[in-house]
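# Topology and contacts: notes
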Amino acid sequence: MSRQAALAIEEAFTEEWGRIVAALIRRTRDWDLAEDCAQQAFAEAARRWPSDGVPRQPGAWLMTVARNRAIDRLRHERMRDARLREAAGLIDDRSDDEDDEDLGDERGIGDDRLRLIFTCCHPALPLEARVALTLRALAGLTTTEIANAFLVPKPTMAKRLVRAKHKIEHAGIPYRVPPAHLVPERTSGVLAVLYLMFNEGYAASTGDDLVRVDLCVEAVRLARLLNRLMPDEPESGGLLALMLFQHSRREARTDPSGDIVTLEEQDRSRWNRTEIDQANTILDEAVRADAIGPYQVQALIAACHANAPRAAGTDWTRIAALYERLLEVTANRLIKLNHAVAVGMATGPEAGLALVTRLATSGELRDYHLLPATRADFLRRLGRNSEAADAYREAVNLARTEAERRYLNKRLQAVSTGPAPAEAGGG
Amino acid sequence: MHAKMMIALAKEVRGIARASGSGSSCGRWHLRIAPRPLTAHTRLGGSLGGCSSVLACGPGSPSRLPCNNDNVPRKREFEMKYMMLVCRDPSIELSPEQRTTIGPEVEAWISEMDGRGVRVQGQELEGVQDATTIRVRGGEVVVADGPFAETKEQIAGFDILDCADLDEAMEVAAKHPVAWLGSLELRPFAEG
C-alpha cells in the first residue's frame, strides 16, 4: 500500500470509526451490524485507495460504503425473514422500508457519537463492560486488542462485549443523550469510565512488557472527543487537562531499565511541553466557567507539578489546600492518601505521618501498597529507619507490578544500610 | 412426602404441562401478562382487596395496601415491560416511625405510578415462611417448604411496569420506598 494511502486510512480510522458506528447504530439499532459494516468500509478503503487515490472527503466516502453495506445486509435479512414468515404463515404487513429511508438521512451525525458514549457508559452495564464497549464501539479497538489491554483471555472479553450488547438491546437501555435532569449524573459516569481507562493504561505501562495498545492514548483521544462534543461541560475539560498533565510525564516516569522514577526525581526536560501547554489552556478555559468539580481540582493539582520548574519549587501548600477542597466533594480513600502526602510535604513529615497512620488504622486501603510505602517514606525522613524498613517490606508484599517491587526494594535497601537520605517519594 | 403420592403428583404435573403446551418453556409463559388496561375482572389479589405492591413491614406484620388500579385507565403502551421484583432485606430494621410512614409512602408511589400509567399491576406476596417450592427430578415431584433460594433478600412483591426504556424504569424503581430497605430488581420481559 502506498504510504499516503496508509496514512490517510489510519487518520480516517481515528476520526471516522466512532462516527460511522454511532450513525449506523442509531439507524439500525444493531451494534454488531454497525461494527461489521464499519470494518468492511475500512477494508474496502484499504483495497481501493492505493490504486484509486484517497477520496477528497474520506469520511463521507467511508460512511457511504458502510451505509450501503448495512442496507444490503438489512435487505438480505429481511428477505430471509420474509421467507421464514411466509413459511410460517405469519406475514407481517408493516412497511419494511422505514429503516432504508432512514439510512439515507445524514442529519444528526454530530450527536451520534455522544449518544454512543452515553449508551456505552450506561450505569446499568457492568463497569468493565462500559470500558470495553467504549473502546470497541467508539475507539474501534478489536476484541483481541481490548483483551490484551486488560490481560484477560480473548473469549472472556468477547463474552463481556456480547453480554453488554445483549443487555442494551433486551433491557431497553436507550440509545440517546440522556434528558437534562440525568445529564450531570450520567456525564460524571462517562468521565469516570474514561479516567478508569486512562488509569488502567497508566498502571499497565509499568507492568509486564507485553505489546499492548496504549490505553492512555485511547483515553486521551476519547476525552478530546468528549470535550469537543460537550463544550459546555467544564469537567470534561478538567478530565482532559488532567490526563494530558499525567500523560506528559510518560517518558520521564521510568528509567531505561524500566524502573519507576518518582515525580521529584524525574528529569523535567523530558516532560512533553506541548501537552502541558495544551493542558494549561484547556484547564484555564474550563475553570473560567466557574463550575468547579473533582476533575478540574485534580487537574489544578497536576498543574502545580507540571508548571514547577524544579521539584523543590512545587507549591505544596496550594496542593494540600486543593486536596482539602477535593475531599469536600469526594471522600475518596486515595485522595485522603494523596492529601497526607501533600500535607507532609507542605508542613513536615510528622503531620503527614499522623494523617497516614490515621488512614492505616481506619483499615481503609488495607491492600494498597502505596499506603505503607507513603508511611515508610515519612518514617525514613524522620530518621526512624527500622520502622521505615518494616513499612517498605509491607509495601513490597502488596505491590502489583515488578517495577513497583523493584522500586520499593531499592528504597528498602537504602533505609536498611545507609543513613536516611534527605528526599521523599511520591507519585 | 410419601413416594406414591409424589409419583401421582408428577403425573398430574406432566399432564398439566402437556395440556398447556408449554412444558419446556418454564419461566416464560407466566410472564405473558396481557399489556392491556386492567379491569375489575382481571385484577389480582382476590380477597386481599387489591394489589398492594410491597411487603412494607417486618415478617410479623404484613401490611396490605389498597390501590386504585381498577379505576385508572392506562393510556400508555410502550415497548418495554419490566417485572420489578421488590426485595426486602430483613436485616434492615424499621424504626417505629418508619413503620407508620412506610405504608402511606408506598401508597403514594402506587398512585403516582398508576397515574402515570407506568404500573400495569402489582402484588404483595406472603412471606417466605409460606413459600412452597416444587421441582421435578427423575420424574418425581420434589416438594420443599420455603423459597427456591436461600438469599439475604426476599421477594416481598412485584410490580409490572410499562416504560419507555430502562432509564424510566430505573427512575420508577428508585422512587419506591423499599429501595431504602432492600432492593428492586428490574427484569425485562423476554421478547417473542
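Residues numbered from 1 in each chain as written. Chains lettered and ligands numbered in written order. Predicted model: local features only at pLDDT ≥ 70, side-chain atom pairs only at ≥ 80, totals over all residues.

With that settled, consider the overall build of chain A. Each helix and strand counted, chain A has 19 helices and zero strands in total. Once local pairs closer than 6 in sequence are excluded, the contacts in chain A between residues at least 24 apart make up 62%. (Helix = DSSP H or I, 4+ residues; strand = E, 2+ residues; numbered from the N terminus. Contact = placed C-beta atoms within 7 Å.)

A separate point is the overall build of chain B. Scanning chain B for helices and strands turns up three helices and six strands. Each helix and strand of chain B, placed in order from N terminus to C terminus, yields the pattern α-β-α-β-β-β-β-α-β. Considering only intrachain contacts with a sequence separation of at least 6, the fraction spanning at least 24 residues in chain B is 79%.

All names here are of chain B. Strands sit in the order E2-E5-E1-E6 across an open sheet of four strands; the sheet is antiparallel. Two strands bound the open sheet, and with one partner strand each, they are strand E2 (119–124) and strand E6 (182–188). When the angles between neighbouring strand axes are averaged without regard to direction, this sheet yields 20°. Two strands pair when backbone bridges link them, and E2 and strand E5 (residues 154–163) are joined in this way by five bridges, in the antiparallel orientation. Following the sheet pairing, Glu-124 is matched in E5 by Gly-157. Packed onto the sheet, helix H3 (residues 166–175) meets strand E1 (80–88), E5 and E6 and runs at close to 140° relative to E5. (Pairing = 2+ DSSP bridges. Axes fitted to C-alpha atoms, helices over the stretch in contact; angles between N-to-C directions.)

Let us now look at the environment of Val-118 of chain B. All names here are of chain B. Secondary-structure assignment places Val-118 in the loop between helix H2 (96–116) and E2. What makes Val-118 buried here is the crowd of 22 C-beta atoms within 10 Å. Residues Val-118 and Glu-168, spaced 50 residues apart in sequence, show a C-alpha to C-alpha distance of 9.1 Å. (Buried ≥ 20, exposed ≤ 12 C-beta atoms within 10 Å, placed from the backbone.)

Two quantities define a packed helix pair, namely the angle between the axes and the distance from one axis to the other. All names here are of chain A. Contact pair helix H18 (residues 385–398) / helix H19 (residues 402–417): the axes reach a minimum separation of 9 Å and the direction vectors enclose 165°. Relative to H19, the element H18 lies roughly antiparallel. As for the relative orientation of H18 and H19, their crossing is left-handed in sense. In this structure, H18 uses Asn-385, Ala-388, Ala-389, Tyr-392, Arg-393, Ala-395 and Val-396 to contact H19, whose residues at the interface are Arg-405, Leu-408, Asn-409, Arg-411, Leu-412, Val-415 and Ser-416. Of the residues that constitute the contact of H18 with H19, the class distribution is eight nonpolar, three polar and three charged. (Parallel < 35°, antiparallel > 145°, perpendicular 65-115°, else oblique. Left-handed = near helix turned anticlockwise from the far one by under 90°. Nonpolar A, V, L, I, M, F, W, Y, C, P; charged D, E, K, R; others polar.)

Let us now look at H2 of chain B. Residue and element names in this part refer to chain B. Taking 1.5 Å per residue as the helical rise, H2 with its 21 residues ought to reach 30 Å, and the 31 Å between its terminal C-alpha atoms agrees with that figure. For H2, every residue scored as buried is listed here: Ile-102, Val-106, Trp-109, Ile-110, Met-113 and Asp-114. Those residues of H2 hidden inside the fold are in contact with E2 and H3. Gly-117 lies just past H2 and shows a positive phi near 80°. (Expected span 1.5 Å × (residues − 1).)

What follows covers H19 of chain A. In this model H19 of chain A runs 22 Å from its N-terminal to its C-terminal C-alpha over 16 residues, within 8% of the 22 Å that 1.5 Å per residue would give. Check the buried side of H19 of chain A and you find it contacts helix H17 (370–381) and H18 of chain A.

Chain-level pLDDT for chain A is 87 on average; 89% of the residues reach the 70-or-more range. Contacts from residues 422–427 of chain A, a stretch scored under 50 in pLDDT, to residues over four places away or in other chains number 11 contacts. (pLDDT = per-residue confidence, 0-100.)

For the rest of this paragraph, the subject is the confidence of the model for chain B. All names here are of chain B. For chain B, the mean per-residue pLDDT works out to 70, and 59% of the residues sit at or above 70. Across residues 1–73 the pLDDT falls below 50, and counting only partners more than four positions away or on other chains, this stretch makes 104 contacts in the model. ipTM for the predicted complex: 0.77, alongside a pTM of 0.77.

On to unusual backbone geometry, then. Residues and elements named next belong to chain A. With a phi angle near 60°, Asp-290 is a residue other than glycine that sits in the positive phi range. Inspection of the secondary structure puts Asp-290 in the loop between helix H12 (273–288) and helix H13 (294–306). Phi is positive for Leu-365, which is not a glycine, with a value near 60°. Mapped onto the elements of the fold, Leu-365 is located in the loop between helix H16 (349–361) and H17.

Once that is clear, we can look at the packing of helix H11 (residues 234–247) of chain A against H13 of chain A. Residues and elements named next belong to chain A. H13 packs onto H11 with a crossing angle of 30° between their chain directions and a minimal axis gap of 8 Å. With respect to each other, H11 and H13 are oriented roughly parallel. Crossing angle aside, the handedness with which H11 passes H13 is left-handed. Between H11 and H13, the contacting residues are Pro-234, Glu-235, Gly-238, Leu-239, Ala-241, Leu-242, Phe-245 and Gln-246 on the first element and Tyr-295, Gln-296, Gln-298, Ala-299, Ala-302, Ala-303 and Ala-306 on the second. Along the lines of polarity and charge, the residues of the contact of H11 with H13 split into 10 nonpolar, four polar and one charged.

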